[in-house]
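Listed below, chain by chain, are the residues.
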Amino acid sequence: LILFKPDCLQRRLAGKLLSRLEDKGLKIVAMKMLRVTKELSAKHYAEHVSKPFYPLLETFITSGPVIA
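Residues numbered from 1 in each chain as written. Predicted model: local features only at pLDDT ≥ 70, side-chain atom pairs only at ≥ 80, totals over all residues. Heavy atoms only, no water.

Enquirer: Looking at this model, I keep getting lost on the nonpolar core. Mind explaining?
Expert: The nonpolar side chains of a soluble globular protein tend to be buried with one another. Residues Val36, Tyr45, Tyr54, Leu57, Ile61 and Val66 constitute the largest nonpolar core, which totals six residues. The biggest single contributor to this core is helix α4 (residues 54–61), with three residues. Membership of the second largest hydrophobic core comes to five residues, among which are Phe4, Cys8, Ala14 and Ile67. (Core = buried A, V, L, I, M, F, W, Y, C linked by side-chain atoms within 4.5 Å. Buried < 20%, exposed > 50% of the residue type's maximum accessible area, 1.4 Å probe, protein only. Helix = DSSP H or I, 4+ residues; strand = E, 2+ residues; numbered from the N terminus.)

Dropping the structure here:
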């Protein structure tokens, strides 16, 4: 699983990063743009939910769209 996170999309880097992955020989078989909800964030980062930095992580990952 590769996630292009909100800062990547805000900085318009997704195309360059995708090209670099393909240039290294990775084959992209599916992509999806979505907005991460608080519930999905808690599920994806389950091992971090109780840690002090998690609220900042959740705020970041839910701040904009991601490409998975």
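Enquirer: Teacher, can you tell me more about the side chain of Glu58 here?
Expert: Position of Glu58 among the secondary structure elements: in helix α4. Of the side chains with opposite charge, Lys38 comes closest to the buried, unpaired Glu58, at an N-O distance of 4.2 Å. The contacts of Glu58, once residues within four sequence positions are left out, are Lys38 and Ser41. (Lys, Arg positive; Asp, Glu negative; His and termini not counted. Salt bridge = Lys/Arg side-chain N within 4 Å of Asp/Glu carboxyl O. Contact = heavy atoms within 4.5 Å.)

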